[in-house]
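Coordinates in review
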Amino acid sequence: MELPNLRQRLNCLEYKNWMKAGICLEILKSALQGYIETGMKTFHRQIIAEISPSARHIPGYQCRIQGKQFQPTCPVCIEWMDHILHHHRNRNGEIHWGNCNPLRWPIDYWEVAKVFLPRGKTKSEGPHDCDAAALLNLINFCDHFQVSNISKVREVIKCRNDLMHSSDMKVSSSWLNDFGQKMQDLILELRDVPNSVNDQIQE
């Protein structure tokens, strides 16, 4: 980009608004990482406590996932799948089973978490590998995360998508103000996320 065009871009109010919104998402992501890790580890322990002690992987069983299709054949995978689906808010819709390795469900909390993430998270090893949108999707689809008004999560996801799909990387000041309010409303809904995050977003 030529220097005059760069100066023009940096002096554009709508571009600055776009940048500010992106920084707010980074702040939100950082706040959500610890919240998600703690919540999913607790959720994982709860499922382990509910799994039948007699359920074991049987040698020779092939519980393979193909994209969105998963039809387990061994008792362990069947039981884990049932428990995961019981807590999935989109159990009758599109679930990206291909994100995870079912054999690791009993020993790795994040392999369970990846069932609730958007597709393409196969290599993700924890919340630190996810952007704000992925973490918000996890909260949206996993009912372990108790949010009294789940639409507040979905509104921020929609705003994030609007921001990322802006072809000219610009948003209006009114959009930015609305986005900021929705971010603050969401944080107030989430337990264990410090309210001080709102101060950072306002700044």
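Placed above this text is the structure.
Residues numbered from 1 in each chain as written. Predicted model: local features only at pLDDT ≥ 70, side-chain atom pairs only at ≥ 80, totals over all residues. Heavy atoms only, no water.

**Notes on the packing of aromatic side chains**
Two measures describe an aromatic ring pair: the distance that separates the ring centres and the angle between the ring planes. Taken as a whole and assessed by the stated rule, the structure comprises eight aromatic pairs. Relative to Trp 97, the ring of Phe 70 lies with its centre 5.6 Å away and its plane at 45 degrees, an arrangement referred to as tilted. In this pair, Phe 70 is assigned in strand β2 (residues 69–70) and Trp 97 in the loop between α3 (75–86) and α4 (109–113), connecting sequence segments 27 residues apart. Here Phe 70 and Trp 97 have matching classes, each one buried. (Phe/Tyr/Trp six-rings, centres within 6.5 Å; stacked < 30°, edge-to-face > 60°. Helix = DSSP H or I, 4+ residues; strand = E, 2+ residues; numbered from the N terminus. Buried < 20%, exposed > 50% of the residue type's maximum accessible area, 1.4 Å probe, protein only.)

**What to know about the layout of surface pockets**
By volume, the largest pocket is sized at about 270 Å³. Taken together, 14 residues make up the lining of the largest pocket; nearest its centre are Cys 24, Leu 176, Ile 201, Gln 202 and Glu 203. Where the lining of the largest pocket is concerned, the elements lending two or more residues are α2 (13–50), α7 (173–189) and α8 (196–202). In terms of residues, the lining of the largest pocket owes the most to one element, α7, which gives six residues. The residue makeup of the lining of the largest pocket, split by class, is six nonpolar, six polar and two charged. (1 Å grid on protein atoms, 1.4 Å probe; cavity = no way out; pocket = protein on both sides within 12 Å on 5 of 7 lines; lining within 4 Å. Points joined across faces, edges and corners; volume = space filled by probe spheres on them. Nonpolar A, V, L, I, M, F, W, Y, C, P; charged D, E, K, R; others polar.)

**Examining the nonpolar core**
Of all hydrophobic cores here, the largest spans 62 residues; its most connected members are Leu 32, Ile 36, Met 40, Trp 105 and Leu 138. Counting only elements with at least two residues in this core, the list comes to α2, α3, α4, α5 (132–141), α6 (151–164), α7 and α8. By residue number, the principal contributor to this core is α2, which donates 14 residues. If near-sequence neighbours (up to four positions away) are discounted, Met 40 is found in contact with Tyr 109, Val 112, Ala 113, Leu 138, Cys 142 and Phe 145. (Core = buried A, V, L, I, M, F, W, Y, C linked by side-chain atoms within 4.5 Å. Contact = heavy atoms within 4.5 Å.)

**Some words on α3**
Every α-helix carries 3.6 residues per turn, so stepping three or four residues along brings you back to the same face. With 12 residues, α3 extends 17 Å from end C-alpha to end C-alpha; this agrees with the ideal 16 Å at 1.5 Å per step. Where α3 is concerned, the buried positions are Val 76, Cys 77, Glu 79, Trp 80, Met 81, His 83 and Ile 84. On its buried side, α3 packs onto α2, β2 and α4. (Expected span 1.5 Å × (residues − 1).)

**Some words on the packing of α2 against α3**
The interhelical angle for the contact between α2 and α3, taken along N-to-C directions, is 130 degrees, at an axis separation of 11 Å. Taken together, the axes of α2 and α3 are oblique relative to one another. Of the two elements, α2 crosses α3, and the hand of that crossing is right-handed. Contact residues: α2 offers His 44, Ile 47, Ile 48 and Glu 50, while α3 offers Glu 79, Trp 80, His 83 and Ile 84. (Axes fitted to C-alpha atoms, helices over the stretch in contact; angles between N-to-C directions. Parallel < 35°, antiparallel > 145°, perpendicular 65-115°, else oblique. Left-handed = near helix turned anticlockwise from the far one by under 90°.)

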